[in-house]
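# Examination of the molecular architecture
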Amino acid sequence: MSEATKYRFSFGPWNISEGADPFGPEVRSPYSLEEKLDWYLPLGFEGVQFHDDDVVEGIDGLKPSQVTKRAQEVCQSLKDRGLVAEFVAPRLWFDPKTIDGGFTSNCATDRAYALDRCLRTIDIAREMDTPNVVLWLAREGTYIREAKNARVAYERILETINKMLDYDPEVNIWIEPKPNEPMDHAYLPTIGHAIAIAYQSSDPTRVGGLIESAHAILAGLDPADEMAFALAHGKLCSVHLNDQNGLKFDQDKSFGSANLRSAYNQVRVLEEAGYGKRGEFVGLDVKIMRTQKQSDSTAHLANSRDTFLHLVEKVRTVDRKLEQELIEARDYEALDAYTLRHLLGVPTEAVSSSQQPALAASGK
Ligand code: GLO
Ligand code: MG
């Protein structure tokens, strides 16, 4: 038997947040990047996910040499703390020039800005010792179908990805699909779309996907199956584990909070495929509830990691022989009951198909 995976965890500085939502302002005071970095190792995390402007604040107003200098400083802050950067992602959805999207904007100068911002993100990533760039294509979509030509939009996304691949022969691009929010519909809504565009790109070996549980649920899909699909293509580069209570705004709940069984199945798929053995991180893109106090700013991260590890134990201790017997007998009802009892931690001996009381009179 191969050695058990030692999972490595990551999150982004935005996951320690101040509680603002569209209907109310911040309720906790902010921590500096350095303060946040101090928490990583004590919380059990060694990977840091970054937006370009998490590394270099005010990036658009700075000269290339200033950007490089700041990126080197942050890289040193990571080294001093025994941390590594997992990826850098261009925050393409904030600037007024990306109101109508970046790669798919109807305005050529806005598209040029978006490409330039991505190339600067690659420069930052290289200073941070990571070849990985994540594209969450927030505004690459429309509010109404007539506003853009969807086919041209796909072509423009592909063209930008190819330009990024050309710019740096070592960069890897991980697409994080999400079906909606902030847009009505996004152009790369699922991992299937992301993988299709990866194969179409000029170097498919360097393009893959990052799956966020909540985003799959928002697309009406099962996150574990989405992960399995990407794994089958060798294209699951990272994950953003979290949870989501149905089809509403992107909640980024703690992992397992809304659907523990679904969380178990995500862990099962990852563990069974050996995810993490090649150094992939288990990323947690979770948001603490607005009701929490300042002193609880990191509890959701510790709790999500803990839940993941408990579920790994559940996957490792499942009775594989019994599962196989139940599958062979096509007794999925018993398999369902066994799974629930295993998750509940109650005795499972009694789970079998022979539980139906005999009908004395008819002998059926
Ligand atoms: C939003 C996304 C976002 C990304 C992050 C990294 O819905 O989940 O948090 O993960 O910007 O690209
Ligand atoms: Mg995410």
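Scroll up to find the structure.
Every value quoted in this text rests on a predicted model; they were computed, and no experiment measured them. (Residues numbered from 1 in each chain as written. Chains lettered and ligands numbered in written order. Predicted model: local features only at pLDDT ≥ 70, side-chain atom pairs only at ≥ 80, totals over all residues. Heavy atoms only, no water.)

## Looking at the overall build of the protein
Along its length, the protein carries twelve helices and ten strands. The C-alpha atoms of the protein give a radius of gyration of 22 Å, which matches the 21 Å a tight globule of 364 residues would have. Here the C-alpha coordinates of the protein stretch approximately 85 × 45 × 45 Å along the principal axes. Expressed as a percentage of its 364 residues, the buried residues of the protein come to 50%. For the protein, the proportion of contacts with a sequence separation of at least 24, taken over those separated by at least 6, is 75%. Just so you have it, the protein exposes about 17600 Å², and 53% of that area is on carbon and sulfur atoms. (Helix = DSSP H or I, 4+ residues; strand = E, 2+ residues; numbered from the N terminus. Rg over C-alpha atoms; globule rule 2.2 N^0.38 Å. Buried < 20%, exposed > 50% of the residue type's maximum accessible area, 1.4 Å probe, protein only. Contact = heavy atoms within 4.5 Å. Areas by Shrake-Rupley, 256 points an atom, 1.4 Å probe, with all protein chains shown as cover.)

## Thoughts on the coordination of the magnesium ion (ligand 2)
Coordination sphere of the magnesium ion (ligand 2), protein contribution only: Glu176 (OE), Glu212 (OE), His240 (ND1) and Asp285 (OD), at 2.0 to 2.3 Å. In this structure, the magnesium ion (ligand 2) is surrounded by six donor atoms whose angles at the metal cover 82 to 170°, and the resulting shape is octahedral. For the magnesium ion (ligand 2), all donor residues lie on one chain, and their spacing in sequence is E-x35-E-x27-H-x44-D. A residue pair is termed long-range when its members are at least 10 positions apart, and glutamate 176 in the loop between β6 (172-175) and β7 (185-186) and aspartate 285 in the loop between β10 (282-284) and α10 (299-316) qualify at 109 residues. Residue glutamate 176 shares its accessibility class with aspartate 285, and that shared class is buried. (Donors = N, O, S within 2.8 Å, 3.2 Å for Na, K, Ca; no water. Tetrahedral: all angles 85-135°; square planar, octahedral: opposite > 155°, others 65-115°.)

## Quick notes on the pairing of strand β2 (residues 47-51)
The buried fraction of β2 amounts to five of the five residues, a majority that puts the element mostly inside the structure. As paired strands, strand β1 (residues 9-11) and β2 are joined by two bridges and run parallel to one another. Each residue of the ladder has a partner; that of phenylalanine 11, found in β2, is valine 48. Note that the unit made of β1, helix α1 (residues 33-43) and β2 has a crossover that is right-handed. Judged from the five bridges that link them, β2 and strand β3 (residues 84-89) form a sheet pairing that is parallel. When the sheet's bridge partners are listed, valine 48 is paired in β3 with alanine 85. (Pairing = 2+ DSSP bridges. Right-handed = clockwise from strand over helix to strand, strands pointing away.)

## Here we look at the site of ligand 1
Around ligand 1 sit 13 residues in total, of which His51, Glu176, Lys178, Glu212 and Asp285 are the nearest. The contact in question runs from an oxygen atom of ligand 1 to an N or O atom on the side chain of histidine 51, over 2.6 Å. Separating an oxygen atom of ligand 1 from a side-chain N or O atom of aspartate 285 is a distance of 2.9 Å. When ligand 1 sits alone it has 320 Å² of accessible area, and the protein chains cover 93% of it. When the residues that make up the shell around ligand 1 are grouped by side-chain class, the tally is five nonpolar, three polar and five charged. (Near = heavy atom within 4 Å. Polar contact = N/O pair within 3.5 Å; in protein donor to acceptor, adjacent residues only side chain to side chain. Nonpolar A, V, L, I, M, F, W, Y, C, P; charged D, E, K, R; others polar.)

## Looking at a nonpolar patch on the surface
A cluster of nonpolar residues, Leu340, Leu344 and Val346, forms a patch on the protein surface that exposes about 270 Å² of accessible area. Residue leucine 344 is classed as exposed on the basis of its relative accessible area, which comes to 65%. (Patch = residues over 30% accessible without salt bridge, like charges linked within 9 Å, V, L, I, M, F, W, Y side chains within 5 Å. Salt bridge = Lys/Arg side-chain N within 4 Å of Asp/Glu carboxyl O.)

## Focus on unusual backbone geometry
Of note, the amide linkage connecting glutamate 181 to proline 182 takes the cis form, showing an omega dihedral of 10°. Secondary-structure assignment places proline 182 in the loop between β6 and β7. One non-glycine residue, aspartate 252, lies in the positive phi region at around 50°. Structurally, aspartate 252 can be placed in the loop between β9 (236-241) and α9 (260-272). The residue arginine 330 is not glycine, and still its phi comes out positive at about 50°. In this fold, arginine 330 is placed in the loop between α11 (320-328) and α12 (332-344). Using a relative accessible area of 66% as the deciding quantity, one classes arginine 330 as exposed.

## Overview of the layout of surface pockets
Taken as a whole, the second largest pocket holds about 410 Å³ of empty space. Surrounding the second largest pocket, 26 residues form its lining, Glu86, Asn132, Asn172, Trp174 and Gly279 being those nearest its centre. Only α3 (64-80), β3, β6 and β8 (207-212) provide two or more residues apiece to the lining of the second largest pocket. When its residues are assigned to classes, the lining of the second largest pocket shows eleven nonpolar, seven polar and eight charged. (1 Å grid on protein atoms, 1.4 Å probe; cavity = no way out; pocket = protein on both sides within 12 Å on 5 of 7 lines; lining within 4 Å. Points joined across faces, edges and corners; volume = space filled by probe spheres on them.)

## Some details on the packing of aromatic side chains
By the definition in use, this model includes ten aromatic pairs. With centroids separated by 4.9 Å and ring planes inclined at 85°, the aromatic side chains of phenylalanine 11 and phenylalanine 45 adopt a geometry described as edge-to-face. Residue phenylalanine 11 is found in strand β1, and its partner phenylalanine 45 is found in the loop between α1 and β2; the two are separated by 34 residues along the sequence. Both residues of the pair, phenylalanine 11 and phenylalanine 45, count as buried. One aromatic cluster in this structure is built from Tyr7, Phe9, Phe11, Tyr40, Phe45, Phe255 and Phe308. Just above the ring of phenylalanine 281 sits the side chain of arginine 8; from NZ or CZ to the centre is 4.0 Å. Directly above the ring of tyrosine 113 sits lysine 97, whose terminal nitrogen or CZ lies 4.5 Å from the centroid. (Phe/Tyr/Trp six-rings, centres within 6.5 Å; stacked < 30°, edge-to-face > 60°. Lys NZ or Arg CZ within 6 Å of the ring centre and 35° of its normal.)

## A look at empty space enclosed by the protein
The full count for this structure, using the stated rule, is two cavities of 30 Å³ or more. By volume, the largest cavity amounts to about 80 Å³. If you trace the largest cavity, you find 15 residues lining it, with Trp136, Leu137, Lys178, Ala186 and Leu188 closest to the centre. Classifying every residue of the lining of the largest cavity gives ten nonpolar, one polar and four charged. Estimates place the volume of the second largest cavity at around 70 Å³. Pro177, Ile191, Ile211, Ala216 and Glu226 are, among the 14 residues lining the second largest cavity, the residues nearest its centre. Elements with a minimum of two residues in the lining of the second largest cavity: β8 and α7 (213-218). Residue contributions to the lining of the second largest cavity peak at three residues, all from β8. Here the lining of the second largest cavity is built from residues that sort into nine nonpolar, two polar and three charged.

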